[in-house]
Amino acid sequence: VILLFRVQGGGRYLFDRIEALAQMAGLQYTIAMGSEGIYLQLDALQPFAELAERELYTSLFFHGITASHEMPDTRPPEIPASIAPCPRCLKEMSDPKSRRYSYPFTSCKSCSNQYAFFLQYPYKRSNTLLGAIKPCSQCQEELLSNPFRRDYPLISCPACNIPVALRDGRREFWANSSQEYKQLFSMAAQALREGKRLVVQTLNGERSFSIRPFRGAKLLIANLERAKRELLLLPQELQALFTIERPTLFATLSNEEIREAIGGSIATVRAFNDGFTYLLIRELWDHPFLYYEESGEGELSIDFPLTPNTLQESHYLISKGLSLFTQGELGLLPKYIPENLKSAVVGDHLLHQGIIDRIQRFGRVEAEEITTCEKGIVEHPRTVIKEKGEGALRSVAREHTVEDRKSIGLFFSHRWQLYYLHGERGRRVADFGDLPTNLSHSISTLREGSSKLLHTFSDRFGELPESGDFWERAGAVIGIEGGYRGVVGRAMEFGGKGGVSIDCRLREGRFEYESLFASLMSYRVGGAESTLLAYSLLESLADFFSQLMGEVGRDLEVEEYLLAGKYAANTPFLSRFLRNIPSLKMNRAYPADGYNCLYGITS
Ligand SMILES: [Zn+2]
Ligand SMILES: [Zn+2]
């Protein structure tokens with residue numbers, strides 16, 4: 001039999017997981033990776049099926065198993081995972097009889113944030129931070145006998161360990177054995193119970209924890225049953241939180257006290273995603289959450305004598321039928337794309353020999369040709385420049401395998417652009433232009449009464465800022481700081497049914513920003529609240545773009561509607577957009593903006 005595990009966008013760790021299960025089952029097998037997913041050829045289905053049922057973890061990218069007639073022969077290159085510990089490894093950490101009891105670096109070939117220790121390709125122990133640590137005899141034996149750790153570059157245990165320190169003022173406690181690791185986490189938990197702040201160097205970067213909520217805090221779920229009582233989360237959202245990729249999500253807080261303390265009704269929530277956060281919450285299961293921030297002070301700290309590489313946290317959003325990554329790298333990178341042979345670079349990210357990762361991990365790169373979206377950043381005799389918006393939208397089409405169909409797509413990012421795509425062909429249909437160089441002047445000369453509006457507004461709320469991007473300046477008009485994030489954060493607090501209509505229009509193919517600003521100003525002068533205006537701004541822009549796309553799409557007889565760009569990835573905008581275009585498609589295994597483009601410009 002040949003089984004096809006349908007995996008979207010890479011999932012190299014699932015390949016390792018499935019291979020370990022085939023070995024564990026003691027069967028003859030062949031395994032390969034193709035664009036559809038992971039192929040496994042077996043001489044018998046049992047006991048593999050039973051093992052898979054028990055040992056395959058849930059992933060955002062794994063969409064079930066089907067039978068296959070073809071069997072490709074590509075074995076993917078070794079790349080480090082950047083996911084959470086798997087259930088087997090968690091069990092080792094929590095079982096007092098296991099030799100890895102309470103050891104926070106417990107991991108296997110198909111789990112954990114291995115990227116934290118990874119220096120550069122090729123991925124092998126000597127190219128990681130553990131290069132200087134020799135595995136003990138038991139670990140060496142495991143490298144040969146345990147299918148989950150066969151040839152695993154980062155194997156370690158309390159006998160060949162990475163020591164961990166707990167520092168409390170002038171005292172420090174070093175853990176080097178299971179007993180000491182256990183003691184260290186108990187002491188840290190006790191300090192948290194006493195109301196102290198604890199800084200932990202986790203595998204995903206430094207985090208400052210508290211048992212009490214504080215302004216701007218994010219939430220780490222400690223006790224799921226108790227957490228569920230304080231949050232409003234859909235079943236799909238709960239499921240996503242505990243997938244092996246462990247993204248963060250936004251959730252509405254139902255607990256008034258927590259709302260007050262963190263300063264808003266929407267919180268960023270996550271489940272534990274490394275050995276440190278797991279062992280810490282195990283000591284605190286009588287609490288619904290630990291509250292944390294990415295950097296901060298603490299009376300105590302936990303660290304270890306290596307400096308882990310960190311990736312940006314990934315944030316996931318589920319809106320009606322659509323689910324997507326708004327941003328991030330953790331759980332998403334490095335990514336292996338089986339069919340990709342071209343090289344491309346965008347920002348900090350490189351696609352080379354089928355792998356997408358940060359540029360510095362590749363060392364020296366030799367490629368015949370490099371594709372990019374940015375002029376002047378690549379020095380190569382054969383550089384191909386493509387448009388970023390087109391690249392981003394092509395990546396959406398490619399992920400949904402609709403490249404051959406006629407589509408219209410909106411790129412809503414640092415530029416606002418519409419593209420028409422059909423197979424190899426593609427063209428920009430519209431570019432909505434920039435903010436006017438002198439915004440105040442453009443507003444004052446817009447129409448009769450505009451000048452008076454501008455004066456009334458400045459008298460009451462101060463001058464309109466003459467610099468900053470669209471979101472910073474629109475935010476300033478409606479009384480919100482923090483640019484795009486500030487506006488979205490406030491819009492999500494809106495509890496009403498619908499917003500007011502903000503002027504969105506085109507004049508001679510250009511977006512008339514001055515009308516939009518004048519419209520926001522008159523609502524503000526009229527006494528409208530910032531929350532209503534933030535929501536209305538996103539809703540009106542969504543209405544405008546979706547209606548325009550609908551019209552242009554009908555004229556061009558398109559079959560697909562695509563959306564990409566960082567400003568599209570928020571709930572108020574998307575839920576409105578989806579009402580007008582329910583069949584909308586966005587990226588799935590790539591974030592809505594940034595390195596998604598690498599997948600599109602190489603198609
Ligand atoms: Zn594991
Ligand atoms: Zn060992």
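What you are looking at is a predicted structure, and each value in this text was computed from that prediction instead of being measured. (Residues numbered from 1 in each chain as written. Chains lettered and ligands numbered in written order. Predicted model: local features only at pLDDT ≥ 70, side-chain atom pairs only at ≥ 80, totals over all residues. Heavy atoms only, no water.)

Engineer: Would you mind going over the coordination of the zinc ion (ligand 2) with me for this structure?
Structural biologist: Reference geometry at the metal: tetrahedral coordination by four donors gives ideal angles of 109.5 degrees; octahedral coordination by six donors gives 90 or 180 degrees. Distances from the zinc ion (ligand 2) to its protein donors, namely Cys136 (SG), Cys139 (SG), Cys157 (SG) and Cys160 (SG), fall within the range 2.2 to 2.3 Å. Each of the four donor atoms bound to the zinc ion (ligand 2) contributes to angles spanning 103 to 121°, and the resulting shape is tetrahedral. Residue class for cysteine 136 comes out buried when judged on its relative accessible area of 14%. (Donors = N, O, S within 2.8 Å, 3.2 Å for Na, K, Ca; no water. Tetrahedral: all angles 85-135°; square planar, octahedral: opposite > 155°, others 65-115°. Buried < 20%, exposed > 50% of the residue type's maximum accessible area, 1.4 Å probe, protein only.)

Engineer: Just to check I follow, could you spell out helix α15 (residues 513-525) for this structure?
Structural biologist: Turn by turn, an α-helix covers 3.6 residues, leaving residues three or four places apart pointing in a common direction. Taking 1.5 Å of rise per residue, the 13 residues of α15 would be expected to cover 18 Å, and the 18 Å separating its terminal C-alpha atoms lies within 8% of that figure. Burial analysis of α15 places 10 of its 13 residues in the buried class, the great majority of the element. Buried residues of α15: Tyr513, Glu514, Ser515, Leu516, Phe517, Ala518, Ser519, Leu520, Met521 and Arg524, and no others. Summarising the contacts, the buried residues of α15 are in contact with β24 (416-422), α11 (439-444), α12 (450-461), α13 (470-478), β27 (510-511) and α16 (530-555). At the exit of α15 stands glycine 527, carrying a positive phi of roughly 100°. (Helix = DSSP H or I, 4+ residues; strand = E, 2+ residues; numbered from the N terminus. Expected span 1.5 Å × (residues − 1). Contact = heavy atoms within 4.5 Å.)

Engineer: Explain unusual backbone geometry here, please?
Structural biologist: Most of the time, phi is negative for any residue but glycine, and the peptide bond is trans. Of note, the amide linkage connecting glutamine 46 to proline 47 takes the cis form, showing an omega dihedral of 0°. Among the structural elements, proline 47 can be located in the loop between β3 (37-42) and α2 (48-55). Put simply, leucine 333 and proline 334 share a cis peptide bond, and its omega is -10°. In this fold, proline 334 is placed in the loop between β16 (322-327) and β17 (335-336). Not every positive phi belongs to a glycine, and aspartate 151 is a case in point at roughly 55°. Aspartate 151 gets classed as exposed once you look at its relative accessible area, which sits at 59%.

Engineer: Even after reading the chapter, I still don't get the nonpolar core, so can you show me in this structure?
Structural biologist: The tendency in soluble globular proteins is for nonpolar side chains to be buried as a group. Grouped together as the largest cluster of nonpolar side chains are 130 residues, with contacts concentrated most on Phe5, Phe48, Phe117 and Ile302. Here isoleucine 302 is in contact with Val164, Ala165, Leu166, Leu184, Phe185, Ala188, Leu198, Val199, Val200, Gln201 and Phe276, once residues within four sequence places are set aside. (Core = buried A, V, L, I, M, F, W, Y, C linked by side-chain atoms within 4.5 Å.)

Engineer: Help me out: how do you make sense of the environment of isoleucine 38 in this one?
Structural biologist: Tracing the chain through its elements places isoleucine 38 in strand β3. Residue classification places isoleucine 38 among the buried positions, given a relative accessible area of 0%. For the pair isoleucine 38 and alanine 392, spaced 354 residues apart in sequence, the C-alpha to C-alpha distance is 25 Å. Excluding its chain neighbours within four sequence positions, the residues that come into contact with isoleucine 38 are Leu3, Leu4, Phe5, Val7, Gly11, Leu14, Phe15, Ile18, Ile31, Ala32 and Met33.

Engineer: Would you mind going over the sheet that holds strand β20 (residues 355-358) with me for this structure?
Structural biologist: Backbone hydrogen bonds hold the strands of a sheet together, and the pairing may be parallel or antiparallel. Here we have six strands laid out as an open sheet, ordered β17-β20-β19-β18-β21-β22, and mixed in their pairing. Two strands bound the open sheet, and with one partner strand each, they are β17 and β22 (383-385). Across three bridges, strand β18 (residues 343-346) lies against strand β19 (residues 349-352) in antiparallel orientation. Paired with valine 346 across the two strands is histidine 349, which belongs to β19. (Pairing = 2+ DSSP bridges.)

Engineer: What should I look at first to understand the environment of leucine 317 in this one?
Structural biologist: Here leucine 317 is to be found in strand β15 (residues 315-319). Between the alpha carbons of leucine 317 and alanine 569 there is a distance of 7.9 Å; along the sequence they are 252 residues apart. Aside from chain neighbours lying at most four places away, what touches leucine 317 is Leu322, Ser323, Leu324, Thr326, Ala569, Asn570, Thr571 and Leu574.

Engineer: In this structure, what is going on with the coordination of the zinc ion (ligand 1)? I would like to understand it.
Structural biologist: Distances from the zinc ion (ligand 1) to its protein donors, Cys86 (SG), Cys89 (SG), Cys108 (SG) and Cys111 (SG), fall within 2.3 to 2.4 Å. Because the angles between the four donor atoms bound to the zinc ion (ligand 1) fall within 103 to 113°, the donor set is best described as tetrahedral. When the donor residues of the zinc ion (ligand 1) are listed from N- to C-terminus, their spacing reads C-x2-C-x18-C-x2-C. Of this pair, cysteine 86 sits in the loop between β4 (62-67) and α3 (87-94) while cysteine 108 sits in the loop between α3 and α4 (137-145), and the two are 22 residues apart along the sequence. The same class applies to cysteine 86 and to cysteine 108, which are both buried.

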